[in-house]
Amino acid sequence: MTKQKTYAELDCFNAIACLLVILIHVLSIGITSLEKTSVQLAVIYLPWKLAAYVVPGFLFTGAVKMALGFDDRALTLSGYAKYIRRRILKIYLPYVLWVGIYYLYFLRIGWVKPGIGVFLRYVFVGDLSSPFYYVVTVMQFYLLMPLWRWMTKRIPWFAAILTAGIVTLGMLYSEGILSQMGIAFAYRDRVFPSYLIFWVIGLYAGKYYDTVREALKRHTASVFAMLIPVALYGIGMLVQHAKGIWLFDGNVIKMFSDCITICVMLTLCIRIADGNCAAIRNPLVWICRASFTVYLSHCLFLQLISAEIAEHSITDIGVQLILRAAVCYTAPFVLWYGWYWAKKGIHILCRKRKAA
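Residues numbered from 1 in each chain as written. Predicted model: local features only at pLDDT ≥ 70, side-chain atom pairs only at ≥ 80, totals over all residues. Heavy atoms only, no water.

### As for helix α4 (residues 77-108)
With 32 residues, α4 should cover 46 Å at 1.5 Å per step; its first-to-last C-alpha distance of 44 Å lies within 8% of that length. The sharpest bend along α4 comes to roughly 40°, located at I88. Considered for burial, the residues of α4 that qualify are Y83, I84, R87, I91, Y95, W98, V99, G100, Y102, Y103, Y105 and F106. Directly beyond the C-terminal end of α4, a positive phi value near 85° is found at G110. (Helix = DSSP H or I, 4+ residues; strand = E, 2+ residues; numbered from the N terminus. Expected span 1.5 Å × (residues − 1). Bend = angle between axes of the 7 residues up to and from the residue. Buried < 20%, exposed > 50% of the residue type's maximum accessible area, 1.4 Å probe, protein only.)

What follows is the structure in structure tokens.
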């Protein structure tokens, strides 16, 4: 792996996805509490449902960045080990730390059982809090880096993407198929084949990134027009939810909707990165730097404010949503910012001591 060229739009993409992850969890109380046929639910349901592309989006940009780092040199065992070591230090260890923080809090309020085995199971499975499954999944993709490197060099993009799509669709029905054979498997959403289409599309987008980037920029209007079927999907899902009827398999359509939304959002971010949009671009780049800490921590802050809401018997859903948003869109960023400056201060002190 060589040092990859950086593109501001990928940072903007991840920043927007981070903000939407928070939105999904903030709005969840309204989805479960509001009357299904109410206007209020319709107002929050559509953004809540359409924002659900974010984890596939994170996987897509992760694959793009991986492919941008591929080169023609042979991959050595030491090179692979260094790559995995960086991923562990940057991704997995912070994840384990935050699992520990959540575990201690949940232990204090009686939500989990004590024991090192219990804790390690939560680390391995990633089901202690809803955002954690992403780390469990993306680490599987990172561990398979030599396979992705070989694939992008040996297999044409159309064959790889088609095969990945078939695998991903097949995974939607894997639990039912396995149950017919007497096998219970409840972790489909935590194994990499369930998201293979997004990763493989990202790999080939990264391989041909300059071409893909130029094509999206040149055909922006056509790309944005693809939001029409995405909106229709969201409306259809709202009708199904509100009326309790079945119109189509939302899980299958979601895979295609997510691919389209990823394409649209990448195009939007390219326009932001290349345009005279510093007032938008610079904050998004800053948010991206905080995004992983915010992603891991925001649900703990959400739980804390939910406990306060319950303690003060606040039942108005609108007030609850405002309070949840106010905390989750501020506290995790303040936490990261404080840690950033503390770490920077420590580095400065260390340099001064060495100079002395």
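### As for the nonpolar core
M66, L128, W148, W199 and L203 are the most contacted members of the largest nonpolar core, which totals 89 residues. Among the elements that line this core, the one with the most residues is helix α15 (residues 278-311), at twelve residues. (Core = buried A, V, L, I, M, F, W, Y, C linked by side-chain atoms within 4.5 Å.)

### A few points about the confidence of the model for the protein
Taken residue by residue, the protein gives an average pLDDT of 93. The fraction at 70 or more is 98%. Mean pLDDT values for the elements of the protein range from 82 in helix α9 (residues 174-180) up to 98 in helix α10 (residues 196-207). (pLDDT = per-residue confidence, 0-100.)

### Quick notes on helix α7 (residues 145-154)
For an α-helix, 3.6 residues make a turn, and residues three or four places apart therefore share a direction. Among the residues of α7, those classed as buried are M145, W148, R149, M151 and T152. Along the long axis of α7, the arc covered by the buried residues comes to 165°, so they all point the same way. The elements touched by buried residues of α7 are α3 (54-68), α4, α6 (133-143), α8 (157-172) and α10. (Arc of directions from axis to C-beta. Contact = heavy atoms within 4.5 Å.)

### Details of the packing of α7 against α10
α10 packs onto α7 with a crossing angle of 60° between their chain directions and a minimal axis gap of 11 Å. The pairing of α7 with α10 is recorded here as oblique in orientation. Our pair here, α7 against α10, has a crossing hand that is right-handed. The residues of α10 that touch α7, namely those facing W148, M151, T152 and K153, are L196, W199, V200, L203, Y204 and K207. Counted by class, the contact of α7 with α10 contains seven nonpolar, one polar and two charged residues. (Axes fitted to C-alpha atoms, helices over the stretch in contact; angles between N-to-C directions. Parallel < 35°, antiparallel > 145°, perpendicular 65-115°, else oblique. Left-handed = near helix turned anticlockwise from the far one by under 90°. Nonpolar A, V, L, I, M, F, W, Y, C, P; charged D, E, K, R; others polar.)

### Some details on a nonpolar patch on the surface
The grouping of Y173, I177, M181, I183, F185 and Y187 at the surface amounts to a nonpolar patch, some 570 Å² of accessible area in total. Mapped onto the elements of the fold, I183 is located in the loop between α9 and α10. Since its relative accessible area comes to 42%, I183 is described here as partly exposed. (Patch = residues over 30% accessible without salt bridge, like charges linked within 9 Å, V, L, I, M, F, W, Y side chains within 5 Å. Areas by Shrake-Rupley, 256 points an atom, 1.4 Å probe, with all protein chains shown as cover. Salt bridge = Lys/Arg side-chain N within 4 Å of Asp/Glu carboxyl O.)

### Here's the deal with the side chain of H25
Along the polypeptide, H25 turns up in helix α1 (residues 8-33). Given the relative accessible area of 16%, H25 is considered buried. Apart from the residues within four sequence positions on either side, H25 is in contact with S130, P131, H298, C299, L302 and R324.

### Side note on the pattern of salt bridges
Evaluated as defined, the whole model comprises twelve salt bridges. When the shortest N-O distance is used, the salt bridge between D258 and K254 registers 2.4 Å. With D258 and K254 both in helix α14 (residues 250-274) and four residues apart, this pair spans about one turn of that helix. Linked by salt bridges that have partners in common, E9, R213, K217 and D274 make up one network.

### Overview of unusual backbone geometry
A positive phi angle is found at S313, which is not glycine, with a value near 55°. On the secondary structure map, S313 appears in the loop between α15 and α16 (317-328). Judged by relative accessible area, S313 falls into the exposed class, the value being 58%.

### A closer look at the packing of aromatic side chains
What the rule picks out here adds up to 32 aromatic pairs. Ring geometry for Y95 versus F132: centroids 5.5 Å apart, planes at 85°, classification edge-to-face. Of this pair, Y95 sits in helix α4 while F132 sits in the loop between α5 (116-125) and α6; the two residues are 37 residues apart in sequence, bridging distant segments of the chain. No difference in accessibility class separates Y95 from F132, as the two residues are buried. The interplanar angle of 50° and the centroid separation of 6.3 Å between the aromatic rings of Y103 and Y122 together place this pair among those described as tilted. Of this pair, Y103 sits in helix α4 while Y122 sits in helix α5, placing them 19 residues apart in sequence. Just as Y103 is buried, Y122 falls in that class too. Put simply, the rings of Y92, Y95, W98, Y102, Y105, F106, W111 and F132 pair up and form one aromatic cluster. Over the aromatic face of Y142 sits the side chain of R87, whose NZ or CZ is 5.2 Å from the ring centroid. (Phe/Tyr/Trp six-rings, centres within 6.5 Å; stacked < 30°, edge-to-face > 60°. Lys NZ or Arg CZ within 6 Å of the ring centre and 35° of its normal.)

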